[in-house]
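Notes for the structure review
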Amino acid sequence: RDTYPEVTAKHRDEKLLELVRYARERAQGRGLVTEADWERWLHLMMRLGPRFDEDPRQVQVSSILKDGSIDPMLKLDAIENLLATADTPVDNATQ
């Protein structure tokens, strides 16, 4: 709640726990196996939306995720670096 108050304030704890579980499932589906990576995936979801990995507007993110030559953890690094250098607005991830 503290990190993304604009997204989490309007949701009950049950909804937020559901979002955390959903993030873990999506991350695992992308080959991410550690709790730290699941947390990083959740942060990306909070910034870009719950299905950012399938969002056709996220062309660069999609390109990174589809690259089979990149380790899943390094894909997170690449996406985070992309966001750090881009002016990417925060979406409401729980709509």
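Shown above is the structure to which this text applies.
We now turn to the structure provided with this report. Computed from a prediction, not measured in an experiment: that's the story for all the values here.

Right, let's get into the nonpolar core. Counting 21 residues, the largest nonpolar core has Trp 41, Phe 52, Val 61 and Ile 79 as its most contacted members. When residues of this core are traced back to their parent elements, those giving at least two are helix H2 (13–29), helix H3 (35–48), helix H4 (59–66) and helix H5 (72–85). Here the element with the most residues in this core is H3; it accounts for seven residues.

The full count for this structure, using the stated rule, is one aromatic pair. Their ring planes at 45 degrees and their centres at 4.7 Å tell us that Trp 41 and Phe 52 sit as a pair that is tilted. You can see Trp 41 sitting in helix H3 and its partner Phe 52 sitting in the loop between H3 and H4, a full 11 residues away along the chain. Here Trp 41 matches Phe 52 in class, with each residue buried. Above the ring of Trp 38, the side-chain terminus of Arg 24 is found at 5.9 Å from the ring centroid.

This brings us to the packing of H4 against H5. The N-to-C vectors of H4 and H5 enclose an angle of 165 degrees; their axes lie 9 Å apart at closest approach. The orientation of H4 with respect to H5, classified from their angle, is roughly antiparallel. Along this stretch, H4 crosses H5, giving a crossing that reads as right-handed. Only Lys 75, Ala 78, Ile 79 and Leu 82 of H5 make contact with H4, whose side of the interface consists of Gln 60, Val 61, Ile 64 and Leu 65. Among the residues forming the contact of H4 with H5, the class breakdown is six nonpolar, one polar and one charged.

Packing of H3 against H5 brings their axes to within 11 Å, and their N-to-C directions diverge by 35 degrees. For H3 against H5, the interelement crossing comes out left-handed. Residues Asp 37, Arg 40, Trp 41, Leu 44, Arg 47 and Leu 48 of H3 pack against Met 73, Leu 76, Asp 77, Ile 79, Glu 80 and Leu 83 of H5. Along the lines of polarity and charge, the residues of the contact of H3 with H5 split into seven nonpolar, no polar and five charged.

With that settled, consider H4. Buried within H4 are the following residues: Val 61, Ser 62, Ile 64 and Leu 65. End-on, the buried residues of H4 take up no more than an arc of 160 degrees, which puts them together on one face. Exposed and oriented more than 90 degrees from the buried face of H4 are Val 59, Gln 60 and Lys 66. In this structure, the buried residues of H4 make contact with H3 and H5.

Our next topic: empty space enclosed by the protein. Scanning all chains against the criterion turns up one cavity of 30 Å³ or more. Here the largest cavity is characterised by a volume of approximately 30 Å³. In this structure, the largest cavity is lined by Arg 30, Leu 32, Trp 41, Leu 65, Pro 72, Lys 75 and Leu 76. The biggest single contributor to the lining of the largest cavity is H5, with three residues. For the lining of the largest cavity, the class distribution of residues is five nonpolar, no polar and two charged.

About the thresholds
- Residues numbered from 1 in each chain as written.
- Predicted model: local features only at pLDDT ≥ 70, side-chain atom pairs only at ≥ 80, totals over all residues.
- Heavy atoms only, no water.
- Core = buried A, V, L, I, M, F, W, Y, C linked by side-chain atoms within 4.5 Å.
- Buried < 20%, exposed > 50% of the residue type's maximum accessible area, 1.4 Å probe, protein only.
- Helix = DSSP H or I, 4+ residues; strand = E, 2+ residues; numbered from the N terminus.
- Phe/Tyr/Trp six-rings, centres within 6.5 Å; stacked < 30°, edge-to-face > 60°.
- Lys NZ or Arg CZ within 6 Å of the ring centre and 35° of its normal.
- Axes fitted to C-alpha atoms, helices over the stretch in contact; angles between N-to-C directions.
- Parallel < 35°, antiparallel > 145°, perpendicular 65-115°, else oblique.
- Left-handed = near helix turned anticlockwise from the far one by under 90°.
- Contact = heavy atoms within 4.5 Å.
- Nonpolar A, V, L, I, M, F, W, Y, C, P; charged D, E, K, R; others polar.
- Arc of directions from axis to C-beta.
- 1 Å grid on protein atoms, 1.4 Å probe; cavity = no way out; pocket = protein on both sides within 12 Å on 5 of 7 lines; lining within 4 Å.
- Points joined across faces, edges and corners; volume = space filled by probe spheres on them.

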